[in-house]
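For reference, the chains in residue letters:
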Amino acid sequence: MDYSLTEINGINSKLMFIIDKIEKSKPEDEVVSDLVSELHLLTETRQKLLHALVSDANFTDREILEQQFDLTQTLIKQSRKIMDFRQSLLQAGNTTKRQINVYKAIDSNR
């Protein structure tokens, strides 16, 4: 049981580090996609460990579970913020590509 909690705390630290690194990265930085993949894998691992912890009938520390729940809410908020920002960058890029294609079409019709 303590081993799972130690693992969860280690993953929590890694998750916060990766989120911070993504937030500080430049939009064009290619390492972000690797960080997002790592974020996804760590989140899945954390979810499995939390599930095992909650399923353990011998684990009754409500305070730890509440802390993990609060951290989960924080991770969700930060992840959504990152996702929304990245989606806005993609949309802006798509708009720019369309504009370039329009200009190319106009130029080719001359």
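All of these numbers come straight from a predicted model, not from anything done at the bench. (Residues numbered from 1 in each chain as written. Predicted model: local features only at pLDDT ≥ 70, side-chain atom pairs only at ≥ 80, totals over all residues. Heavy atoms only, no water.)

Another point: the overall build of the chain. Of the regular secondary structure elements, the chain holds 3 helices and 0 strands. For the chain, the α and β elements follow one another from N to C terminus as α-α-α. On C-alpha atoms alone, the chain measures out to a radius of gyration of 21 Å, which is more than a quarter above the 13 Å that the 2.2 N^0.38 rule sets for 110 residues. Here the chain holds 110 residues, and 23% of them are scored as buried. Sequence-distant contacts in the chain: of pairs separated by 6 or more residues, those separated by 24 or more amount to 72%. For the chain, the exposed surface amounts to about 8,400 Å²; the carbon and sulfur share of it is 55%. (Helix = DSSP H or I, 4+ residues; strand = E, 2+ residues; numbered from the N terminus. Rg over C-alpha atoms; globule rule 2.2 N^0.38 Å. Buried < 20%, exposed > 50% of the residue type's maximum accessible area, 1.4 Å probe, protein only. Contact = heavy atoms within 4.5 Å. Areas by Shrake-Rupley, 256 points an atom, 1.4 Å probe, with all protein chains shown as cover.)

This part covers the side chain of Gln68. With respect to the helices and strands, the residue Gln68 is situated in helix H3 (residues 62-108). Given a relative accessible area of 6%, Gln68 falls into the buried group. Here Asn12 takes part through its side chain, which lies 3.1 Å from a polar atom of the side chain of Gln68. Once residues within four sequence positions are removed from consideration, Gln68 is found in contact with Ile8, Asn9, Asn12, Arg46 and Leu50. (Polar contact = N/O pair within 3.5 Å; in protein donor to acceptor, adjacent residues only side chain to side chain.)

With respect to the helices and strands, the residue Val36 is situated in helix H2 (residues 31-55). Taking C-alpha positions, Val36 is 8.1 Å from Ile18, a pair spaced 18 residues apart along the chain.

Before going further, it helps to examine the environment of Asn9. Counting through the fold element by element, Asn9 comes out in helix H1 (residues 2-24). For Asn9, a relative accessible area of 38% puts it in the partly exposed group. The sequence separation of Asn9 and Lys81 amounts to 72 residues, and the corresponding C-alpha distance is 23 Å.

Counted at 1.5 Å a residue, the expected span for H2 with its 25 residues is 36 Å, and the 36 Å between its end C-alpha atoms agrees. Looking at H2, one finds that the buried residues are Val32, Leu35, Leu39, Leu42, Arg46, Leu49, Leu50 and Leu53. (Expected span 1.5 Å × (residues − 1).)

The next thing to look at is the pattern of salt bridges. Applying the stated criterion across every chain, the model contains 3 salt bridges. Arg62 is the salt-bridge partner of Glu66, the closest N and O atoms lying 2.8 Å from each other. Of the two residues, Glu66 and Arg62 are both situated in helix H3; the distance of 4 residues between them amounts to about one turn of the helix. Under the relative-accessibility criterion, Glu66 is labelled partly exposed at 38%. (Salt bridge = Lys/Arg side-chain N within 4 Å of Asp/Glu carboxyl O.)

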